[in-house]
Amino acid sequence: MLQTEALPPEVRLVSNQHGRRFLQIEHPAVQACIALQGAHIIECIPAGQPPLLWMSPMDPCKPGTALRGGVPVCWPWFADERDGPAHGIARTSDWQLLEARADSTSVHLVLRLPQEDIARQLPDEGWTVKIEFTLGVALEIALTTTHTGTGPQRLSQALHSYLPVADIAKAEVTGLQGCCYIDKLNGATLTQQTAVRFDAEVDRIYFNHNADLQLRSRTDVLDIHREGSESVVVWNPWLEKSRHLSQFPDDGYRTMVCIEAANAGPDGRTLEPGSTHTLKTVISRTSSKQSR
Ligand SMILES: O=P(O)(O)OC[C@H]1O[C@@H](O)[C@H](O)[C@@H](O)[C@@H]1O
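Being a predicted model, the structure only gives us computed values, none of them experimental.

### Side note on unusual backbone geometry
And step 1. In this model, W75 is joined to P76 through a cis peptide bond whose omega is -5°.
And step 2. Structurally, P76 is set in the loop between β5 (73-74) and β6 (96-102).

### Quick look at the UniProt feature "active site" (unreviewed entry) in the protein chain
And step 1. When the UniProt feature table is mapped onto this chain numbering, "active site" (unreviewed entry) sits at H160 and E260. A maximum C-alpha distance of 4.7 Å among these annotated residues, which run over 101 residues, shows that they cluster at one spot.
And step 2. As for its position among the elements, H160 is in the loop between β11 (157-159) and β12 (162-164).
And step 3. Under the C-beta neighbour-count criterion, H160 is labelled buried, with 23 such atoms within 10 Å.
And step 4. Residues in contact with H160, not counting those within four places in the same chain, are V71, P72, C74, C258 and E260.
And step 5. Inspection of the secondary structure puts E260 in strand β21 (residues 256-263).
And step 6. You can call E260 buried: it has 26 C-beta atoms within 10 Å.
And step 7. Beyond its immediate sequence surroundings of up to four residues, E260 is in contact with A158, L159, H160, S161, V232 and V233.

So, how was this worked out
- Residues numbered from 1 in each chain as written.
- Predicted model: local features only at pLDDT ≥ 70, side-chain atom pairs only at ≥ 80, totals over all residues.
- Helix = DSSP H or I, 4+ residues; strand = E, 2+ residues; numbered from the N terminus.
- UniProt positions renumbered as here; feature names shortened; annotations may be inferred.
- Buried ≥ 20, exposed ≤ 12 C-beta atoms within 10 Å, placed from the backbone.
- Contact = placed C-beta atoms within 7 Å.

Okay, structure coming up:
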């Protein structure tokens, strides 16, 4: 773990009143906050812009509880693709900061999931995993997994980005037209004909897809670029599910949508011993354009 004295002045390690620890980033180009538990970024505000991420106002901030919003890291499985906790084991451990540096345009941070946490929870498997954040005018996250065990190992994962919208009923996701998806609500496989719009719960895995996406909401446009990802999860719980979600207000669904760079469903990977895979997403607001 990097010692506090080695942090650049733009990065501070802080604790809230419950003892939960965060990396607080204050840089001329960006303000951000990353919870060590889960290596979970909960705030990213490029200078002069609205936030790039949605965060629940009901976050209890107690150590051990799941944070609803930001970018939870789902690893080494997505949702319930394996037995065990939903979205894998990475969300509950405190990650270790390995590297922190800043230049004139951005802050770069590297964290890793402690080996003893992986060994305790997945005793028969060999993995190392680290995450790199580059924070500036864009939010860049790269999750790198190395298979250190013997025999092939399955890997599915997601950077579960909660993105803000002014009004979900007027938001749309473009770039998925013509793409096939699994509708997780009924198991059907369908083809997306138009931009994705929302008037009910949506929970889908789009697959065989690696092109860029846009989230359009009133005059705001977020650009989403992915690498090492052939699938993208689009999720909005709508009203009924919102009422049952932890740390989520009943009307939270109106102002968020998850667009997740993933390797999920048919895009789950098999890694051979010694091989490495990087899942990357870049979220930016390149301009304000006219939307619906
Ligand atoms: O409630 P969780 O575990 O944070 O998951 C939230 C949602 O995450 C999405 O990625 C899944 O597709 C949904 O099915 C799930 O409900």
